[in-house]
Each structure stands twice: as C-alpha cells, then as structure tokens.
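# Per-entry structural report
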Amino acid sequence: MTDTAAPSYAPSYVDPARPPRRKWRLVRGVWKLLVAIKDALVLIAMLLFFGLIFAALNARQSTTAIKDGALVLDLNGSIVEQPEEQAAFAALSGQSRTRQFRLRDVVRSIDTARTDARVKVVVLDLDSFGGAYPAALGEVGDALARVRASGKPVLAYATAYTDGGYRLAANASEIWVNPLGGTIFMGPGGNQLYYKGLIDKLGVNAHVYRVGRYKSFVEPYTRADQSEDAKAASTALYGTLFAQWREAVAKARPKAQLAQFMTAPDKVILASNGNIAEANLRAGIVDKLGDRTSFGRRVAEIAGSDANKPAGNYTAIKYDAWVKANPLPTVGDAIGVLTIAGEIVDGESGPGKAAGKTIEKAVLDGLAKKTLKALVVRVDSPGGSVMASEQIRLAILEAKRQKLPVVVSMGGLAASGGYWVSTPADVIFAEPGTITGSIGIFGVIPTFENALAKIGVTSDGVKTTPLSGQPDITGGTTPMFDAIAQAGIENGYRQFVSRVAASRKMTPTRVDEIGQGRVWDGGTARQIGLVDRFGTLQDAIDEAAKRAKLDPAKIHAEYLEKKPGFLATIAQDFGNDGDDDAGGGDAFAHVAADRRQMLARAVGDMKRLATSGSIQARCLECGGMGPTTSGIGDAKLLDLLLARIGF
C-alpha cells in the first residue's frame, strides 16, 4: 500500500508589494474601456469632419454652371416667409424634417426662369406640398402665370392636389394627375378641438383674462364649443378667402368645372364609378392622367433627357442650385427690410420665431451703420407676447426718429401682435388674402388645486400681504388677483387701441368697433382703414424708395436678419440634397395627414396652456388657412409623445 501525502491547506506566500490578479484584471478592463471610448470619439470626430468637408464641397459644386433643362420646383414642404434654421447636425444624424421654402426665393426663382433661355420648362411637383397662407399662394401663382403668359410651358404633377396645391397648379399650361389618385376639394374650415370637458375632469382651472368680443384664442380652454360670435367671425373670414380662391382658380383655368366638385362631389365621383382622377379629367380640372414615368417623358420632350438613364428621366435644373445662381441684387442704395415672421416671443430666438430682443438688435444694428435710406417691415405673424410686440414697435420707431420712411408689408398673416408691430408705419401694404386685425389681448393662468386634491395633495402657508404667493398654481388665484389681472389686460387693450388710433388717424371708439379681437381679410381691412394699399413686398420696397426720394430701379433690399452660420449652412445643404421622393399619396393620404396635424395641435395646445405666462395678443383663426407645417413644434412634441407610449 502506497502512502499518499496529505494535502496542504497552508496559505501560499503573497508578496505584499504585488497587487492581486483580480485587481490587475479590473485595471486592465477599465483601461481597455477608456481606450475604446477614446477611439470611438476620435472616429466620430473624423466622420463629422469629413462629413462637413463633403458637404462644403457639395455646396461649392452647386454653384457650377447651369445647363439647359427643366427648372424643377419640387415643393415638398410649406412656403413660409422665413424658414426655421435647421439644427447643425440634424441631417448628419439622420433626423427627418419638413422642408420650408422661403417665399421670396420661390418667387425670384420663377421670375428669373421666365426670362432665362436655359430654362425650357418649369416643372411644378406638388405631390408633397405642405401649403401656404392665401396671400403667399397668390404671389407664387401670379409668378407662375407670368411664366405661362410669356409662352414658356409650366407643367404640374401630383398624385392628388390639395386646395393650396391646386391654387398653384391652376396656373400651369398642363396639369397632370396620377390615374390612381385624383383630387377632391375641401375648402377652408373644419372642427377646432375644445378642452373644457377634459380640463374639468382633470381638475385644472383655466383662469382667463381677456378683452375682445371675438378674441377666441382662449375658447378651447373655457368652452366645449365655439361661441356664436367666434363662429360668425370665422364664417365671414373663411367665406371671403374661399371666394378669393375660387375666383383666382377660375381666372387661371376657366375650363375647370369646380362648382359640381364643391356642391355635390359624391354625385360626380359616383358617376365615374369612384374613379376620382377620371372625374377630374372630365371636369377639366386636369389635362392628363399619367404616372411619374409618363410625366417625365412629357417633360423630356421639351427639356431633353439622357438616353443612358432609366425611362422617364429628363434634364433637370435643381431649385437650390438655381436660387444660388440668381442671388439678390446688392447694387444701389440700401433699403432695410426687417422680417417679423412666426410667433412673437420674449427674449432671443432663431429664424422662424419673432423674438423681441433678437429683432430689436437687428433693427438697431442696421440703423447704426447709417447706410439705410428707408425701412420696410415685412410682417407674417399671428402675434404673441405683448411685451415683445412693444419692444419691436419701439425699435421700429427708432428708424422714424432718424427720419427714415417706414413702410409695412403684410404677408400671409399680420394679426394681433402682428398688427401691433405694424402701427409705426407711414403706409401699410397687404394682399387681398392677407389675414390681419385681431385687435385684442388676453392672458391665461392654469391652476391645479382641484387636480392635486384628487390625489390628496393640499397647500397652506403664511401670507404677509393679500398678494403673497399669487398667482398660486397649487392653491388657486384670489378674487383680488383676478381683478388686478383683468384690469391689467383692459389697460393693455386700451394701449393697443390708442396705438392703432394714432397710426390710422381714427378715434379710439372706431378702433374699438373694428377691434374686439375680430380677424379680417386684407380686402375688408383696406375698406375699414386698417390697410392702405394692395401690393407685394417688392411694391413696398419701391414705395419706401420713392418716399426716400430714390429711384426704385437703383436700390437694393438689405435684409436685417442674422445670416446662418457655417454649420447651419452645411446642415441645410445636407438636408436639401436628398433625391428621395416618398410622394404625397392620394386624396385619402392628404386627409389622414390633416387629421394628424389636428392631433399635433391638440398636444401643443395643452403644452401652451401649461406653460402660458405673459399677456398675449394672438390669433386663433389664423392657423386654419395656413401651411400644414406651421405647427412644426407641435408635430415634434406629438412624435415624442407617441414614441414614449410605444407607437
């Protein structure tokens, strides 16, 4: 039997100066992780760096010589006065965005195409058109009509035209529609969401302070339906604007039999066995039925094509390249043009919002150069903060103190705060389709004492004065605070009325009669004295030159706005370079998109209620006739909400 040595359980010797192996493994793991993070950051930085170089080279390439072909206006977004600035790396990160086209660029591109022999045909792609305010549609439509009148063909295509899209297409020499699509006309109007029932169930108290019989912006928070006054005002406004739409379409396309599509669309479509496109063709609303390939072949007959490319291709001139090749003139005396576009807000903001401090700085910096001979104020705003509106008004008055003529040009929208900032004008231009007026102000403060009580939360404390802690969003407002707030709103309305009365040479009583928050179309606004003349921005610039005793042919517009930075420019080039075209879908797809816009607006409305703070001069009805992408912030908020709940 062999003896086996007993196992030894004595601990092995450990050098106290040498760390255990586990610690070494941990240190090595952390080091590898840090190196990997460093390498990843370097890689990302290199990708961004080379991406920016690539975009810069693309931007340079877009300024190359323009060759003969078709100028393609692929309006896959909305037409606005001042596009919002895209985030620097939004396109690089793959974020989608809805494009916004600057109105003056669109009009200039069309007008220059009319007289340039390199443009053989203007192609209007309206498959994904996001709309515009009536005045903007009229200006673009008139520019297209000038091209057509010159003898140069204008060809339009869409799977289904919206009302706004057809307002433009009516000026084309040929209107095409997809055989599986077709167009039905909706007309302005529709339902507005009201939240009074929801607010009551949640236990939220919406304290509203307002002046203006027709100031309906607060009604969604205080009523379950539209008031009779608001309904009467909206009926008059929408009726006038829709009549202008029908008149413009009939003038541009006399053979279009629109009446039957307005009064009994079901009968017309049923008579064509549900074939909407065929019904459109029979009524003269469109000229041709065809898919994109067929349409492309037709354009190629005029503009030429490349035999080595797929069927339906044609020689195209891209919109962005054409705009860059036709910049604004810079020769002659300078007429300053100040753009007040979007919601008027306090503080600072980028393009697409009219921030009081930002616009004030733009005006004062422009005047400080002492090179401006006059100032044109281009307004395209539904209003907003009264404080910011007054800040902008005072900045414009500085131009008058320097003896400069001040001319206001109203775009698609110049209502409420948008009219407040127009009061310093020597003369006001507008379009018949401009939406203006809405002279009235309001304030909304939500409190949550009832909502908190439902979950057992109450509030209490010591108050040294009757106004201590007011307005108290957790305990509610007091009658004393409510009386003071309402008095402040009424005082603000009196100031609004007095400014308009002094500007328009009316009595305060007369201004109050046409005020009260009532919204007017441009034609009616001219009749009642809120507007002086009809005309475009260029007409206003010419008038400013004449008032400065200058020859309108020897001046140039100098826009007083912040130029986009390098990164923003690169981001824009990236965002605009895509050739993908998802198409706008048929008539039912447009209806679905409209409903999504309504849902986005509802989400935004609740956010505005929860975050409202300052006294406001804003218009509710104004959004009903504008571009579908006007609530771009609401759409982003809806996307975030849907992502959170798993849709």
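A brief report on the enclosed structure follows. (Residues numbered from 1 in each chain as written. Predicted model: local features only at pLDDT ≥ 70, side-chain atom pairs only at ≥ 80, totals over all residues. Heavy atoms only, no water.)

We now examine the overall build of the protein chain. In terms of helices and strands, the protein chain carries 23 helices and 22 strands. Per-residue burial for the protein chain yields a buried fraction of 47% across its 647 residues. Carbon and sulfur atoms make up 57% of the accessible area of the protein chain, which amounts to about 32000 Å² in all. (Helix = DSSP H or I, 4+ residues; strand = E, 2+ residues; numbered from the N terminus. Buried < 20%, exposed > 50% of the residue type's maximum accessible area, 1.4 Å probe, protein only. Areas by Shrake-Rupley, 256 points an atom, 1.4 Å probe, with all protein chains shown as cover.)

In this section: the environment of Thr-507. Positionally, Thr-507 belongs in the loop between helix H17 (479-504) and helix H18 (508-514). Taking the relative accessible area as the measure of exposure, Thr-507 reaches 45% and is therefore partly exposed.

One finds Tyr-161 and Tyr-166 to be the most contacted residues of the largest nonpolar core, which totals 53 residues. Dropping the residues within four chain positions of it, Tyr-161 is found in contact with Leu-126, Ala-156, Tyr-166, Ala-169, Ile-175, Trp-176, Val-177, Thr-183, Ile-184 and Val-286. Within the second largest apolar cluster, 51 residues are counted, among which are Leu-375, Ala-399, Ile-445 and Ala-485. (Core = buried A, V, L, I, M, F, W, Y, C linked by side-chain atoms within 4.5 Å. Contact = heavy atoms within 4.5 Å.)

Compared with the 38 Å implied by 1.5 Å per residue over 26 residues, the 37 Å span of H17 between its first and last C-alpha is a close match. What H17 keeps buried is the set Phe-481, Ala-485, Ile-489, Gly-492, Tyr-493, Phe-496, Val-497, Arg-499, Val-500, Ala-501, Ser-503 and Arg-504. Positive phi appears at Lys-505, one or two residues downstream of H17, with a value of about 55 degrees. (Expected span 1.5 Å × (residues − 1).)

This paragraph deals with unusual backbone geometry. Cis geometry marks the peptide bond from Gln-470 to Pro-471, where omega comes out at -10 degrees. When you line up the elements, Pro-471 lands in the loop between helix H16 (449-454) and H17. Phi is positive for Asn-273, which is not a glycine, with a value near 55 degrees. Its place among the elements puts Asn-273 in the loop between helix H9 (265-271) and helix H10 (276-282). For Asn-273, a relative accessible area of 76% gives the class exposed. Positive phi is not limited to glycine here, since Lys-549 has a value of about 60 degrees. Structurally, the position occupied by Lys-549 is in the loop between helix H20 (537-547) and strand E21 (555-559).

With that out of the way, let us pick up the environment of Ala-430. Here Ala-430 is to be found in strand E16 (residues 427-430). Taking the C-alpha atoms as reference points, Ala-430 and Phe-534, separated by 104 residues in sequence, lie 5.0 Å from one another.

Turning our eyes to something else, we now look at the pattern of salt bridges. With the rule as written, the count across this model stands at 30 salt bridges. Linking Arg-378 and Glu-81 is a salt bridge whose minimum nitrogen-to-oxygen distance equals 3.0 Å. Of this pair, Arg-378 sits in strand E13 (residues 372-381) while Glu-81 sits in the loop between strand E2 (77-80) and strand E3 (99-102), placing them 297 residues apart in sequence. Accessibility assignment for this pair places Arg-378 and Glu-81 in one class, buried. Where Arg-504 meets Asp-532, a salt bridge forms, and the shortest distance between an N and an O atom there is 2.7 Å. With Arg-504 in helix H17 and Asp-532 in the loop between helix H19 (522-527) and strand E20 (533-534), the pair connects residues that are 28 residues apart, well separated along the chain. Overall, Arg-504 belongs to the buried group, its relative accessible area being 12%. (Salt bridge = Lys/Arg side-chain N within 4 Å of Asp/Glu carboxyl O.)

Here we take up helix H11 (residues 292-303). The first and last C-alpha atoms of H11 sit 16 Å apart over 12 residues, in line with the 16 Å expected at 1.5 Å per residue. Residues of H11 that are buried: Phe-295, Gly-296, Val-299, Ala-300 and Ala-303. On an axial view of H11, the arc spanned by its buried residues comes to 145 degrees, and they lie on one face. On its buried face, H11 sits against strand E1 (69-74), strand E4 (119-125), strand E5 (154-158) and strand E6 (174-177). After H11 finishes, the residue Gly-304 shows a positive phi value of roughly 90 degrees. (Arc of directions from axis to C-beta.)

The values reported here are purely geometric and, on their own, carry no functional implication.
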